[in-house]
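Structural characterization, general
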Amino acid sequence: MGFIDVIKAKAKADKKVIVLPETEDKRTYEAAEAVLKEGTANLILVGSKEEIEKNGAGFDLTGAVIVDPATDERTAGYIAKLVELRQKKGMTEEQAKEILLTNYLYYGVMMVKMGDADGMVSGACHSTADTLRPCLQILKTKPGTKLVSAFFVMVVPDCEMGEHGTFIFGDSGLEQNPDPEKLAAIAISSAESFRTLVGAEPKVAMLSHSTKGSAKHADVDKVVEATKIAKEAAPELMLDGELQLDAAIVPEIGESKAPGSKVAGHANVLIFPDLDAGNIGYKLVQRLAKAEAYGPLTQGIAKPVNDLSRGCSAADIEGVIAITAVQAQAAE
Ligand SMILES: CC(C)(COP(=O)(O)OP(=O)(O)OC[C@H]1O[C@@H](n2cnc3c(N)ncnc32)[C@H](O)[C@@H]1OP(=O)(O)O)[C@@H](O)C(=O)NCCC(=O)NCCS
Ligand SMILES: CC(=O)OP(=O)(O)O
């Protein structure tokens, strides 16, 4: 079985409730129909009942629960809770009401916060900033974590590198220019995500345009420092840097450029030095190597809420729903 089939089987074994707030997008219904048919999750669709009936016409949504914020009896409680959570940021009751009645992403996040759903998937027709901001503001980081970051699971066809073609790319979605401490935190979280989702031992490469001092620049120094911090914080983790991409994943190049490294040539978790590299890198592999790309998935957050690219397909949404359900199982 491939990566996503294993994830779907896990999701089915202990079904979770996932919220889909993008009820204006046809791909949401296409994905919802497939998820309900396969039984990977129970679904809540958030939006105006009339709009959902109109936009979802022609799809079999049997079993999906429709939640209309304008009429749902929980809305008043969500408004009060949002005010309580964001009062220090100046949020008034009128503002909270306006947000929750008009922005279904905020409503979906409040359903997760209040325990009325186990996770949320959004981002097919909203930018990453608009998708993740409500999660960061309302759900916050999970205990023991200071940083939320984002990663992709990449499944490259006909590839023996990584974990038989499966990799995690981090951060490819959220932290724009992480300093060494943040880069180290992204690496450690990405290793944990790899264990949870791929079920294999992570081998983490801290990527750079330099391998073991072959180039000199402040950008290289940042990755060297991040590698040092990560090794100190997680000495048991197989992690090395700074490594160029070829040295990280091609065994013979790893051996020649970084002899003696346990990670070089065998990395399955790739940590990019900044979001430019991470976001461009995942899209290159997705589009040119025709890899499956699931994400941006979040890590370090209190409850699972995951993003999508606006370029995603319904099958990508279906995959991310199953992954979100498995993250919810793991968080229990
Ligand atoms: C996600 C993002 C929107 C957050 O930044 P922002 O909108 O400027 O929001 P703020 O900095 O005001 O942060 C909002 C809240 O989230 C928190 N936060 C922001 N980044 C965080 C992180 N990485 N981890 C934990 N909390 C974070 C802040 O502390 C703040 O909390 P508060 O409001 O309770 O004080 C921003 O990092 C971003 O735009 N990232 C790039 C996304 C993108 O375009 N990706 C490319 C496509 S995938
Ligand atoms: C992940 C990502 O790049 O998202 P989008 O394509 O929506 O900007």
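Described in the following lines is the structure provided in the data block. (Residues numbered from 1 in each chain as written. Chains lettered and ligands numbered in written order. Predicted model: local features only at pLDDT ≥ 70, side-chain atom pairs only at ≥ 80, totals over all residues. Heavy atoms only, no water.)

Observations regarding the nonpolar core
If you look at the biggest cluster of nonpolar residues, it comprises 54 residues, and the most contacted ones within it are Phe3, Leu43, Val153, Leu197, Val204, Met206 and Ile321. In this structure, Val153 is in contact with Phe3, Thr166, Phe167, Ile168, Leu197, Glu292, Ala293, Tyr294 and Leu297, ignoring residues within four places of it in sequence. Judged by nonpolar contacts, the second largest core, of 29 residues, contains Val46, Val112, Leu132 and Val148. (Core = buried A, V, L, I, M, F, W, Y, C linked by side-chain atoms within 4.5 Å. Buried < 20%, exposed > 50% of the residue type's maximum accessible area, 1.4 Å probe, protein only. Contact = heavy atoms within 4.5 Å.)

Remarks on the site of ligand 2
All residues in the neighbourhood of ligand 2 are listed as Thr128, Phe152, Asn279, Tyr282, Lys283, Pro296, Ser309 and Arg310. A distance of 2.7 Å separates an oxygen atom of ligand 2 from a polar atom in the side chain of Ser309. Burial of ligand 2 by the protein amounts to 87% of the accessible area it has alone, namely 260 Å². Top contributing element to the shell around ligand 2 by residue count: helix α13 (residues 275-288), with three residues. Of the residues in the shell around ligand 2, the class split is three nonpolar, three polar and two charged. (Near = heavy atom within 4 Å. Polar contact = N/O pair within 3.5 Å; in protein donor to acceptor, adjacent residues only side chain to side chain. Areas by Shrake-Rupley, 256 points an atom, 1.4 Å probe, with all protein chains shown as cover. Helix = DSSP H or I, 4+ residues; strand = E, 2+ residues; numbered from the N terminus. Nonpolar A, V, L, I, M, F, W, Y, C, P; charged D, E, K, R; others polar.)

Digging into the site of ligand 1
Around ligand 1 lies a shell of 18 residues, among which Arg86, Lys89, Arg133, Lys140 and Glu175 are the nearest. Taking Lys89, its side chain carries an N or O atom lying 2.7 Å from an oxygen atom of ligand 1. The separation between an oxygen atom of ligand 1 and a polar side-chain atom of Arg133 is 2.6 Å. Summarising the interface, the protein chains cover 65% of the accessible area of ligand 1, which totals 940 Å² for the free molecule. Contributions of two or more residues to the shell around ligand 1 are made by α7 (128-138) and α13. Sorting elements by how many residues they give to the shell around ligand 1 places α7 first, with five residues. Broken down by class, the residue content of the shell around ligand 1 amounts to seven nonpolar, six polar and five charged.

By themselves, these observations are geometric and do not establish any function.
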